[in-house]
Structures are given as C-alpha cells and as structure tokens.
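Secondary and tertiary structure notes
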Amino acid sequence: MRRSTLILLVAAVFICVTSLGTAFAGEKKSAGKAYRLKVGAGFYSTSTDDNKTNVAEYDDTGGSPTGLFGYTGSFGKSFIDMNARYTTSDDNAGDVNLDINRVFRFKMDYNKFIHRTRHDSLFYDSVSGHRVVNPIFSSDGHLEGAQVWQYTDQQPGKNYQIYRQLTRMNAKVTVPSFPALTFHAGWRNEVRHGWKQGTVMTGKCTPCHVVGYGNRINQTTNDLSGGATLKVGVVTVDYNYTHRKFDNDASTQMIHYDPVVTHNAPRDAIFSGRLSIVNADGIRNLIPDSKKDTHVVKARADLPGETTAYGSFVCTTMEDDYNDLDVNQHVYNLRLTKDFMNRRLTLSGRFRYIDINSDDAQVTVDEHFASFDPAYPASDNFDFVRKSAIDRNEYTVNLDGAYRLNRCTTFRVGYEYDDIDRDNIDVTSGEKETKTHTVKLAVNGRPSMKWKYRVAYTYKNISDPFGHANGSCQRVENLGIGTTPYSNVFIEENRLQDRTNQPESSHLIKLSATYTPKTSMSINGLFQYEHQNNDHSNFDADRYMAGVNFWFMPMKMLSFSLGYNFEYDRYGNYVCTDLFAG
Amino acid sequence: MKRSTIQTLMMLVLIVSVAMVMGTCASMKGKSKAMIKMPVAIKGATYEGSNACADCHEDLVKAFKGTIHGRIADYEARGKAGCESCHGPGSVHIENEGDTSKIIRFTNVRDQGGISPGEASAICLQCHTDGTTMDWRGNEHALNDVTCVDCHKIHQDPAKGTLKMAEPELCYQCHADIRAKENYPSHHPVREGKMKCSDCHENHGSSLHNLKTEERSRDLCLKCHADKQGPFTYEHAPVMEDCTICHDPHGTVADNLLKQNEPFLCLQCHHLHFHATFFSPHNGQNPITPNSHSSQMAMGTRCTECHSQIHGSDLPSLSVPGAGKALTR
C-alpha cells in the first residue's frame, strides 16, 4: 500500500473514531418514560492502488461525509429503537424496532451496498479478423487450414458493479384478550441493479469466437409472507405462507452470431448446418422471471418425561415464467428429543422426507444438415424430452446423543443415514441412488472457567455419490470415423469413466482450544484435517487447517482481533482429453 | 383448486387439530403447563415481586425495565412476569440477606452448585416455544451444551438487544475456523458488516443442520440468488443437487466462492475439449502452424467464458448435434 494511502486511511479512521466518541448523546428520564438520542458525524475516505474488485469488493471508494443516528425511547410498555448509518450514497443502512404495548410489534431493517464483480480481460488474439477452420488436410497430407481462437472484449477497462439493496419488514399482532394467537406478516424486498460482465460464444468451430459484453442487471425479488402462531397448553403451532416474485426488468439483449468462414463453399454448408444461429442476431443471457409459493406448518409439543416433539411440513411450488415449467416440493420433518438420567443424557431422533417433482420439457431441435455432411446425415434427429435432475425422493434418519460425564465434560455422538433416490439421472453408471452414512463423535470440555476445548471426528461413507456418470474417456474402438456418424459415436454412453468431486469416504478431525483470561479477551488455537477419496472415480483430497486467533475488547464498541491461519488444500483427479469433443 | 393445494390444506387442518387436542388433553389433566423440567426452586420460597428485588438491586431492576423482558405483558409469561419468572421465587434469598445460594443464578452455569446448561435453557424455553426457538431441543448447539446465556445477556442496554456482542464476533468466539475462511479473497460480505451469520444460519435450531430453511440447502441460497432458481429448460445437474458441490459459502481463495479455480473444478466431472491445432500469436508463427500452447491458453482458462450460463438456461446453445445443452447462451 502506498504511504500516502496509508496516511489517508489512518487519518480517516482517527476522524471517524473520535467523531463517534464525541458524538452528541442526550438522555432524559421522567416518570414512566426514558429516551436516548445519539448523533454522530465524520468523514469517510478510501483509496485503492489495486484492482478494486480484489481489494474493495464491497466497499464504496472515494470520500463522503458520514453520519450516525440512534434513538431509543421507552414509554411504559411501549418501546422504539431507531438506528441509521450513512457512509456514502451507495453504502448506508438503518433499522427500526417498534413495540406498542406488546400488542403491535414491528421491525424493519434496510441495507445498501456495492458489489464489484470481475472483468475478465480475455485472451487477446493479435491476429484479428483472420479466421480459419479445423485442420483440413489435402489428399497428399499437407495441412491446408488450422483453427484460430478469438476473443473480443466489447467494453475494455469498464468497471462492473452491482448495487444491492435489501429491505425487510416484519410485524406481529397479539390481541390481549386472546393472547394464545399471534398474527405475523412480513415483506422482503431485494433490488439488484448495475452491470456485470457476460461472455458468449458467437461462433463454434468456424470460428471459435468469444465476446465479452456488459450485462445490464435490474432485478427485484419480493417476498410477501403472512401467518399465525397458536399456543395452546404445551403445544405451539405456526403457519406461514410466502409468495416470492423474482422480476428481471433488464431489457432483452441481442448479439450477432458469426457467419461460418471456411473459404470453401461445401465446407461452409457443412458447418452452417451444425449451428442453430449463423450470421444472424440472437437473444443472449436470458434470466427468466420466476415465482415461488411456500406453505410452512410447524408444530411443537412439550410432553411429559422431558420430551419434546417437533414437526414441520413444507409445500412449495416454483415456476419459471419463461418456459412455464413447475417444480413441486414437499418436505416432512419430525424430531423427538428426550432427556434421561436427570438430564445427563439427551437423545434426539429425527426423520426427514423430501419429495420433488418437476415438469418435463419437450425440446424440439431445428435440424438442417447439409445432405453431404459426413458426420451428421440429414436423417438425424436431436429432439428430446428433458427430464429434470431435481426429481427425487429423499429420506434422512438421524440419531443424536449427548452424555454429560460431569459439569466439565460432554460426549457427543451422532449417526445419520441419508438416501437420495433420483428419478431421472445416473450419478454413477446405471445407478441413480446415493446412500450416505455419517458418524459424528465429539468431546466438549471446560476444565475451568478460563479454558474450553473441543475434539470432534466425523466419518462419512457414501455409496454412489453425486457425479457425472460416463463423464469422460471415449471408447476408442467405437470411433469408426467415416463409417459411423459422429452422432452415434461421441455420446456419453460411449464414455468409460464416471467422474466426480464427491468422496466415497471422508474423515474429518477438528481440534480447538480457547483460553479466556477475562471476558473481554480470548486466545484460540485450532487444527483441522480432512481426507476424502473416491476409488471408483479416482478422486482424492486432503485439507489441513491450523491457526491461532487473539481477540480483545478493551471497552464497549471497540474490539481488536489478530490471527494467523494456514490452510492447505490438495485435490487429485484424472484429467481426460477425449479424441474429439467439439 | 389444485390437488396439491387441497392436500396442503388437509395437512394443515390435521396438524392444527392434533395440536389442539393434545394441548387440551394436557391442560385438562391438570399438569403444569411447563413440561420441561425447571431447576429445583428454593424450598419454601415464595414470590415477592420485582419491587422487592429493587431494594438491593436498584440499578439492575431499573435497567431491566427498559429491556424487552422487562416490558413483557403478564399474559406472555408463564407464571409471574418480572425477575422471579427466571430467577425463581425470592423470599428465602431476601430473608437470608441476599445469600446467592438461595436464588437461581445464571452467572455460575456449569459451576459446582450452579445450574446446568440444560436447566438454564429450560427456564428460557418455558416461554420461548415459538418463533426461532421452536426446534431448540436436539439442535447442534443444545447437544453441544451451548445454553441461552452463553450468547444472550438479559440485563443490558435495551439498545443493544439481548446478544452479548454483535455478530459475527459473537459466533467467532467458538467458530474461529469460519473467521479465517471469511478473510479469504472471495467471501460473503460478513466482515464488511453487510451480512450476518444469522442471515443464513438458524442458531436456535432447524430441520437442516442449523440452516435457516425447512427445505433443502439450495433453497436457502435461492432466497438471495433467485435468478438461479429456474426451473430451466437446460439444467446443470449439480445446481439442482447442492450448491456446495462447487461453492463454499464461508469463503474461498478462488473467485465466486468456488472451491477451486476453473477449469480444474469443472475437469473433476467433465473431460477437456480437444482441438487439433490453435494459432499462437506469441510465437509469431504462420497462422496455419499448430501450437499446443494455444490449446492450453484457450481451453485452460475459464470454462465459463463459453459456458457462461452454468447455473442453467432457457435458451439453446449453438450446436444442433448437442441439442442445445451446452449452456453457452
């Protein structure tokens, strides 16, 4: 960091801290009433000498006067708390908490900030405008043509950033004459507007051409919810309905897709037939509007014998407004928890069932192959029914236990079995179902008021973990170039290897110790090691993490943290390059 | 009316009916409304009222009155509202000139002679049976003997709420490894103060490993990232399965919260494209001369330069034989 930047940063921090510290604060009390007012002012400044996306991803750079406002007032059983922070016009926040006699309760918070996103400068080919095709050999073996890869950045040097704004409100009403029932309603509004870089391939094979452009972001997500909570005796029931509407208000963007250029008319015809848009405009980067409706019912009962039963049912429908496809999802949860031996032993069992069904999509592909295309005869048809990867039935069974050996030591044991039965996709060759066994063991200790430690071990055994069945490694003997159409050769069914980054077995060890000499200070040391491997797909991974962290809070509203952490990640997997996968 | 809606309403009616019957039966049997076992009250003690506590703890009671617990209505508390709703009846404590062993205290949880974490939580749970604490019992924090007063401080400035300190610093006291990950280059804006741990996590327990959803983990991500919901015509299967197959939400070195940089992340499940030759301008060669470094530069960068719609798309890609599945538009 430059010296001038450092000086400016220190000065800005000093001004802000002293301004806050000397902020006007008024306080007054009278019978049954009290209020507190807090006002602060300062100046905010940040400068960078590196890519802003890297060093100020969520910060507004530049300078601005800043302000703080806080008001807390109580009037009998009524209460109001308001806070606002203004850093810059694009970075500010506020919240309100209002309670009128415990009958009407209202909370609101608002947050606005910047998110800077990446600008990929793309690989620049200095020989622009020179396009050729896949290598074509003459009858005597001479190379006649070769491929050129091209990139075009339509907005070089542009800073892409998205302004995010989130507003949340929640209200509750309880009628004193019937306190068992509370009505609640909520609204969540998220707005994203700005620009983000998009890339699109405007030509395939002839030429390979990637274009970078600015993608206008103008999105709004609105969640409206309402429901009620009923308490009757030892039973509590809650119902909530949420309607979510996602709107993409950015206008549809078009881009021109390249013509085929082979310098040879018959080859032009062959490659043109293999592309759906040639030398024409087409829509790019379509983000569809969507909806989601969710019903959630939760119930809890405190039963005799220190037993608590909890259950929930969720019914959800998600819809894509562009293609009118729906997904219906039902989730059932049930948990039973009981204490034994005067609370020295706690056992908790949980059952969870998920059922998801999605519409199929009928996809019609417009074929117009050249009749003399050796790879794809005119008779080939690529229409298909898209069956969703989300369709499934999943159930999970948990059994957890905690045994308190004494006041200082607790043993934690857990077992989970999860079974995902997918309807439409294979995760390994011929297998759609994944079964996972998880075992957890842990010891939590507090040998004294100043010391605590934790030792934990988690083991997972997964049969047929999620992966890409027949993902790579073409069967060479089926190649048959010139005799068998490409469409019958270069398909997933002719690939040999299942690929994944998910393990069949996983071991995770965590160690942590914390020393707290006083409540305003703590020193923590931690170590973690995780080993994963999948022999079926030749995947393995090791991860080490170790660190020391120091935290100190000398006074209210001022804390320091200092830490050193080291993490080492290693992943091992085969990389396969098929003979042809254009 | 759709069949699924009818089923939903029937389920709702059934659950509420069962709940009403159970609650009514339990009440009719004359059992205590608080089924969770409380710490044993001091033998022979009776309720004296909060004004009696103020005789010795004047400042504490005055500050408490401004807090949310000091303002609760009588109908919200089980038994009497005020100091003794949590600390138990105080007459013996008063008679013995403030003997701290004659009252329920929360500053000596886990100490010999003090209440246990489970007992401390039980006192709070006699009232907090709804909202976010509905699924407290049996959740990860409870099973690891974290109790309410480990994070909450009841007698404090009402403007600060009830948390001992603000997020995420409070959470980092136990989850130091997450603090480390939050400092990686790619992260959610938690350390910048734009987000909190509780935006994604339900600290009081939920049906899914203390995440703030009763559904699947991807449904939690889609709350903010609704542009990836779909359902799209052309899907990317891991997106429909679990976002954490590719992403680590706490922080990563690679961009976009990816566990690894492209193309290596993608090459764990997919094969590498092959092309016979590429021209490399850096070698100053004839444009028709093949050069392996060109393939490396073109194919060894980011797969999403071409496959930009990696989360799914309703538009077909250019390749007719590929049936438009390549997620490039």
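Residues numbered from 1 in each chain as written. Chains lettered and ligands numbered in written order. Predicted model: local features only at pLDDT ≥ 70, side-chain atom pairs only at ≥ 80, totals over all residues. Heavy atoms only, no water.

**Thoughts on the overall build of chain B**
- A count of helical and extended segments in chain B gives 15 helices and zero strands.
- Per-residue burial for chain B yields a buried fraction of 49% across its 329 residues.
- Taking as baseline every contact in chain B between residues at least 6 positions apart, the subset at least 24 positions apart corresponds to 49%.
- A total accessible area of about 15000 Å² is found for chain B, and carbon and sulfur atoms account for 59% of it. (Helix = DSSP H or I, 4+ residues; strand = E, 2+ residues; numbered from the N terminus. Buried < 20%, exposed > 50% of the residue type's maximum accessible area, 1.4 Å probe, protein only. Contact = heavy atoms within 4.5 Å. Areas by Shrake-Rupley, 256 points an atom, 1.4 Å probe, with all protein chains shown as cover.)

**Description of empty space enclosed by the protein**
- A complete count under the given rule lists three cavities of 30 Å³ or more for this structure.
- Considered as a void within the structure, the largest cavity measures approximately 210 Å³ in volume.
- Contributing to the lining of the largest cavity are 20 residues, with D339 and R404 of chain A together with G118, W136 and A142 of chain B lying nearest its centre.
- Taken together, the elements giving at least two residues each to the lining of the largest cavity come down to β18 (325-340) of chain A together with α7 (117-125) and α8 (140-143) of chain B.
- The dominant element in the lining of the largest cavity, judged by the number of residues it contributes, is α7 of chain B, at five residues.
- In this model, the second largest cavity occupies a volume close to 70 Å³.
- Of all the secondary structure elements, the ones that give two or more residues to the lining of the second largest cavity are β29 (521-534) and β30 (539-555) of chain A together with α11 (176-182) of chain B.
- Looking at the lining of the second largest cavity, the element that brings in the most residues is β30 of chain A, giving three residues.
- Residue composition of the lining of the second largest cavity, grouped by class: four nonpolar, four polar and one charged. (1 Å grid on protein atoms, 1.4 Å probe; cavity = no way out; pocket = protein on both sides within 12 Å on 5 of 7 lines; lining within 4 Å. Points joined across faces, edges and corners; volume = space filled by probe spheres on them. Nonpolar A, V, L, I, M, F, W, Y, C, P; charged D, E, K, R; others polar.)

**Let's talk about the nonpolar core**
- Residues V327, I356, I390 and F466 of chain A together with M240 of chain B are the most contacted members of the largest nonpolar core, which totals 15 residues.
- Of all the secondary structure elements, the ones that give two or more residues to this core are β17 (307-320), β18 and β19 (345-358) of chain A together with α13 (237-241) of chain B.
- Each residue touching V327 of chain A, except ones within four places of it in the same chain, is listed here: T316, T317, M318, I356, N357, S358 and I390 of chain A together with P231 of chain B.
- Formed by eleven residues, the second largest nonpolar core is a distinct cluster that contains V363, F369 and A375 of chain A together with V320 of chain B. (Core = buried A, V, L, I, M, F, W, Y, C linked by side-chain atoms within 4.5 Å.)

**Thoughts on the interface of chain A and chain B**
- Between chain A and chain B, the residue contacts involve 191 residues of the former and 146 residues of the latter.
- Between chain A and chain B the total buried area reaches about 14200 Å² when both faces are included, carbon and sulfur atoms providing 55% of it.
- Taken together, chain A and chain B are joined by 18 salt bridges.
- One salt bridge connects E215 of chain B with K292 of chain A, and the closest N-O pair in it is separated by 3.4 Å.
- Inspection of the region where chain A meets chain B yields 69 residue pairs in polar contact (both at pLDDT 80 or more).
- It is strand β16 (residues 290-303) of chain A that provides the largest number of residues to the side of chain A that touches chain B, a total of 13 residues.
- By residue class, the composition of the side of chain A that touches chain B is 75 nonpolar, 56 polar and 60 charged. (Buried area = accessible area lost by both parts, 1.4 Å probe. Salt bridge = Lys/Arg side-chain N within 4 Å of Asp/Glu carboxyl O. Polar contact = N/O pair within 3.5 Å; in protein donor to acceptor, adjacent residues only side chain to side chain.)

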